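What follows is each chain in one-letter form.
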Amino acid sequence: MMENIEGKRIDFNYKWNHGDLFILMENAGKAVSEYITEKYGKNRNILVISGSGNNGGDGIITAHNLDSDNNLKLIVMTRSDGSVSSLSRRAMEKFGNDRIIKNPNTGDIRKMISESDIIVDAIFGTGIRDPVKEPYSSIIEEINLSRAEVISIDVPSGLGTSHSVLPDATVTFTDVKEGMNEKNSGSINVRNIGIDEREINYAGPGDMVYFPKIEKNGHKGQNGKVLIMAGWKFTGAGCMTARAAENALPDLITMLVPKASSTIFSIKLEDQIVGVFNSLNMKNELEKCNAVLTGPGMGISEDSVKVVLAVCKSGKKAVFDADAIHIMAEHRDLINQNMLFTPHSHEFEVLTGTEANRENAEKFSVKYGCTILLKGPADIITNGKKTVISEGGSPRMAMGGTGDILAGLCTGLMARNMDPFHAAVLGSFINKKNGERLEKERSYWFNTYDLLGSMGRTFREYYDFIISNE
Ligand SMILES: NC(=O)C1=CN([C@@H]2O[C@H](COP(=O)(O)OP(=O)(O)OC[C@H]3O[C@@H](n4cnc5c(N)ncnc54)[C@H](O)[C@@H]3O)[C@@H](O)[C@H]2O)[C@@H](O)CC1
Ligand SMILES: Nc1ncnc2c1ncn2[C@@H]1O[C@H](COP(=O)(O)OP(=O)(O)O)[C@@H](O)[C@H]1O
Ligand SMILES: [K+]
């Protein structure tokens with residue numbers, strides 16, 4: 001079962017890899033027209049009703065393919081300014097603009113429906129917004145009143161709203177969509193339209209769809225607060241986590257550190273809030289934050305155990321890295337679905353007592369409900385329900401500190417309201433692409449400062465890609 005946003009993610013990955021989604025639309029139209037021809041034969045009275053988005057475009061290609069062997073009519077309902085999506089425009093040119101019936105009135109639509117044996121429903125797909133208003137609600141009602149066979153493309157138009165087409169069959173692409181069942185979709189036929197494993201099961205630019213946009217009129221605090229308790233033994237590691245977390249664009253980052261090292265942190269992180277650790281401060285900051293990180297450069301001490309246990313008790317979204325993973329190995333009963341663990345293979349073995357591989361990561365996630373990001377030349381991210389592989393990066397990333405950057409970045413993303421799984425996938429992807437960018441510029445001669453310095457540019461490249469293609 002695929003959520004709509006996951007469909008978007010896959011589309012963006014496809015677009016990044018192949019440049020153009022039109023071939024998918026052509027394949028979608030081919031899948032639907034073949035289904036109809038196989039089931040109903042030729043010389044039928046077919047009415048295709050398309051909306052203004054890409055679902056409508058799939059309908060237009062379907063109409064194009066069925067046109068020569070049937071008595072076919074194509075209606076296109078445009079947006080109020082007369083436009084349709086850019087892919088649909090290409091589909092319209094292919095069909096022949098002058099033969100398309102644009103925005104007919106409801107009476108004419110009713111008449112065309114009554115004259116048809118087969119109706120192809122391509123009004124809305126996964127891009128539907130609630131509520132469905134006139135004229136769409138009436139068109140959907142008319143379709144449901146007709147005696148014709150109704151075939152929906154991808155999803156019954158209006159699914160999930162109060163006005164939904166009730167088709168005899170739905171031809172859907174890649175996977176069954178969220179909310180679909182035989183009762184609301186008729187017989188469900190899943191067709192592969194050319195999306196391959198890489199676009200589905202591997203991290204890619206499409207993972208940016210889960211990154212919450214910055215609201216133009218936002219106010220302080222709205223974009224999340226990060227709490228970091230790290231670097232108590234190795235201050236450098238702690239500072240890197242904070243610098244990395246900034247790239248997720250949270251509003252506030254607070255570090256709690258021991259009194260003895262607070263001056264060092266204040267100097268190195270002059271633009272961030274550095275507080276002195278004590279039990280009361282920790283309690284207050286844990287209450288305020290949206291996500292918390294502990295572990296990197298922390299050392300294992302009485303206080304660090306206290307911190308890790310307090311984080312567990314807080315119920316906040318949390319990232320456990322490095323020493324915190326060692327501590328949590330003794331407290332597995334406290335693990336829950338708000339937690340992300342970012343072990344390399346040795347830490348994984350300590351945490352789980354099993355060999356570091358995909359299967360064991362999945363088993364552990366299922367058992368404890370948490371997300372695991374198992375680091376290596378290829379990162380494996382799993383929450384037990386889904387697993388994504390994140391490939392790439394640079395061999396130079398084996399240097400110390402890249403794990404701290406990754407943990408900080410993931411925490412920042414979780415504070416921005418992302419769930420642990422999608423934060424881990426995007427964090428790993430951006431971190432690795434950032435390493436690739438630097439390797440391209442400097443071969444292996446770069447360090448963690450360089451990674452932190454260029455992360456914003458790497459992020460932006462993918463952010464802009466999503467924004468400019470939405
Ligand atoms: N990777 C895939 O699976 C592919 C998906 N494609 C198709 O693309 C569809 C998604 O396309 P889109 O994202 O363009 O979205 P849709 O085509 O589902 O709908 C969006 C359009 O409908 C309008 N709209 C939405 N809700 C409305 C409402 N309540 N009242 C009036 N107008 C409304 C929007 O303004 C927009 O123009 C999928 O369902 C599928 O059919 C295909 O083109 C091929 C590839
Ligand atoms: N040889 C490598 N090739 C590509 N990416 C790597 C390599 N080594 C580490 N990375 C990446 O660097 C990040 C940090 O991993 P790692 O170095 O294992 O963490 P740590 O700093 O905790 O040891 C991960 O995203 C990982 O994929
Ligand atoms: K549809």
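Residues numbered from 1 in each chain as written. Chains lettered and ligands numbered in written order. Predicted model: local features only at pLDDT ≥ 70, side-chain atom pairs only at ≥ 80, totals over all residues. Heavy atoms only, no water.

Quick look at the pattern of salt bridges
Right, so step 1: One pass over the structure, following the stated rule, counts 24 salt bridges.
Right, so step 2: Residue glutamate 115 pairs with lysine 111 through a salt bridge whose shortest N-O separation is 3.1 Å. (Salt bridge = Lys/Arg side-chain N within 4 Å of Asp/Glu carboxyl O.)

Side note on the UniProt feature "binding site: K(+)" (unreviewed entry) in the protein
Right, so step 1: UniProt records the feature "binding site: K(+)" (unreviewed entry) for Asn55, Asp121 and Ser157 in the present numbering. Considering the C-alpha atoms alone, the annotated residues occupy 103 residues of sequence yet fold into one spot, their largest mutual distance being 9.2 Å.
Right, so step 2: As for its placement among the helices and strands, aspartate 121 is situated in strand E4 (residues 118-122).
Right, so step 3: Ignoring sequence-local partners within four residues, the contact set of aspartate 121 consists of Ile49, Asn55, Val150, Ile151, Ser152, Ile153, Val155, Pro156, Ser157 and Val165.
Right, so step 4: As for its position among the elements, serine 157 is in the loop between strand E5 (149-153) and strand E6 (169-173). (UniProt positions renumbered as here; feature names shortened; annotations may be inferred. Helix = DSSP H or I, 4+ residues; strand = E, 2+ residues; numbered from the N terminus. Contact = heavy atoms within 4.5 Å.)

Considerations on the domain arrangement of the protein
Where interface size is quoted, it is often the accessible area lost as the parts come together.
Right, so step 1: We note that the domain assignment places domain 1 (4-201) and domain 2 (207-469) within the protein.
Right, so step 2: Distance between the C-alpha centres of domain 1 and domain 2: 42 Å.
Right, so step 3: Taken together, the contact between domain 1 and domain 2 spans 10 residues of the former and 13 residues of the latter.
Right, so step 4: Interface of domain 1 and domain 2: buried area, both sides summed, is about 1100 Å²; carbon and sulfur atoms make up 62% of it.
Right, so step 5: Among the residues domain 1 hides against domain 2, the three largest losses belong to Arg9, Phe12 and Trp16. Together they make up 52% of the total. (Domains from an automatic or database assignment. Buried area = accessible area lost by both parts, 1.4 Å probe.)

Observations regarding unusual backbone geometry
Right, so step 1: Following aspartate 130, the chain continues into proline 131 via a peptide bond in cis, with omega recorded as 0 degrees.
Right, so step 2: Residue position: proline 131 is located in the loop between E4 and helix H6 (136-145).
Right, so step 3: Cis geometry is adopted by the peptide bond preceding proline 135, which originates at glutamate 134 and carries an omega value of 0 degrees.
Right, so step 4: Structurally, the position occupied by proline 135 is in the loop between E4 and H6.
Right, so step 5: Even without glycine at this site, asparagine 103 takes up a positive phi of about 45 degrees.

Quick look at the sheet that holds strand E13 (residues 339-341)
Think of a sheet as strands paired side by side through backbone hydrogen bonds, with each pair either parallel or antiparallel.
Right, so step 1: On the basis of which strands lie adjacent, the open sheet formed by nine strands has the order E10-E9-E8-E11-E12-E13-E14-E15-E16 and mixed pairing. Sheet topology places strand E10 (273-276) and strand E16 (387-390) at the edges, where each strand pairs with a single neighbour. This sheet shows a mean twist of 20 degrees between the axes of neighbouring strands, independent of strand direction.
Right, so step 2: Sheet topology note: the strand E12 (residues 317-320)/E13 ladder contains three bridges and is parallel. If you follow alanine 318 over to E13, its bridge partner there is methionine 339.
Right, so step 3: Here helix H17 (residues 420-442) sits on the sheet in contact with E12, E13, strand E14 (371-374), strand E15 (379-382) and E16, set at roughly 165 degrees to E15. (Pairing = 2+ DSSP bridges. Axes fitted to C-alpha atoms, helices over the stretch in contact; angles between N-to-C directions.)

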